[in-house]
Amino acid sequence: MKNIFKSIGWLVLNVFLQFVVGTAYTAVFIASTGTKDDSVINEYVNNNTFLITSISNLIFVLIASIICKAKKLKIKEEWKANKASVKEYIFPCIIAFAYSFCYAMLTYNPVANSTAMTHKGVEYYGSFGIPMMILALLISAPVTEEIMCRGIMMNTLKCSFSSRTAIIQKTA
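Parameters and conventions
- Residues numbered from 1 in each chain as written.
- Predicted model: local features only at pLDDT ≥ 70, side-chain atom pairs only at ≥ 80, totals over all residues.
- Heavy atoms only, no water.
- Helix = DSSP H or I, 4+ residues; strand = E, 2+ residues; numbered from the N terminus.
- Buried < 20%, exposed > 50% of the residue type's maximum accessible area, 1.4 Å probe, protein only.
- Contact = heavy atoms within 4.5 Å.
- Areas by Shrake-Rupley, 256 points an atom, 1.4 Å probe, with all protein chains shown as cover.
- pLDDT = per-residue confidence, 0-100.
- Phe/Tyr/Trp six-rings, centres within 6.5 Å; stacked < 30°, edge-to-face > 60°.

Draft legend 1. Expanded view of the overall build of the protein chain. Broken down by element type, the protein chain carries eight helices and zero strands. Reading the protein chain from its N end, one meets helices and strands in the order α-α-α-α-α-α-α-α. The buried share among the 172 residues of the protein chain stands at 28%. Sequence-distant contacts, at least 24 apart, represent 69% of the contacts inside the protein chain between residues at least 6 apart. Accessible surface for the protein chain amounts to roughly 11700 Å². Of this, 69% is attributable to carbon and sulfur atoms.

Draft legend 2. Highlighting the environment of F60. Locating F60 in the fold gives a position in helix α3 (residues 49–70). F60 sits in the buried class, given a relative accessible area of 0%. Sequence separation of F60 and F16 is 44 residues, and the distance between their C-alpha atoms is 9.7 Å. Leaving out residues up to four positions away in the same chain, F60 has contacts with W10, L13, N14, L17, T144, M148 and I152.

Draft legend 3. Spotlight on the confidence of the model for the protein chain. The predicted model of the protein chain has a mean per-residue pLDDT of 77, with 74% of residues at 70 or higher. Looking across the protein chain, the model is least confident in helix α8 (residues 163–171), with a mean pLDDT of 61, and most confident in helix α1 (residues 2–33), with 86.

Draft legend 4. Just the packing of aromatic side chains, in detail. Within the structure shown, the criterion is met by five aromatic pairs. Taken together, a centroid distance of 6.2 Å and an interplanar angle of 85° make the contact between Y44 and Y124 edge-to-face. Note that Y44 is positioned in helix α2 (residues 38–47) and Y124 in helix α6 (residues 116–124), a separation of 80 residues in sequence. Residue Y44 is classed as buried on the basis of its relative accessible area, which comes to 17%. Taking the centre distance of 5.4 Å and the plane angle of 85° together, the rings of Y124 and Y125 count as edge-to-face.

So, in structure tokens, the structure goes:
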């Protein structure tokens, strides 16, 4: 039971960091511009979702690394971080991106304008929009998800349960 709570704790930490970074980013924007218009603030935060996600993911990985070092754990062994070639990393990213693209095409609703926020975020950064989206969606998010889900949560749950049970609990 203790390991289940540890796993949930890591997940809560990640969500909390997303919230804190988003709130801090918003506070800096409000302080620097002096605006109090909710629509302007919401648009600014929505336009910077990729950056906020990348920053919070980086902070999560740093905090997880510091905690492991403080406990004198070897990160590679603790997270089962085996060396992988670029090919082994890129192929799953392409598959995940293709899956997301297919899902987006199947669920696209022009009336609801379901891609407007992503499109605005890419346009907001101008020539850096596509690289920022790639950083957030194909590098930062998958690496953090792998470290959190497979590295930390899965190995924590495997201490108390069989691999099959741990996989089922992790995905629930």
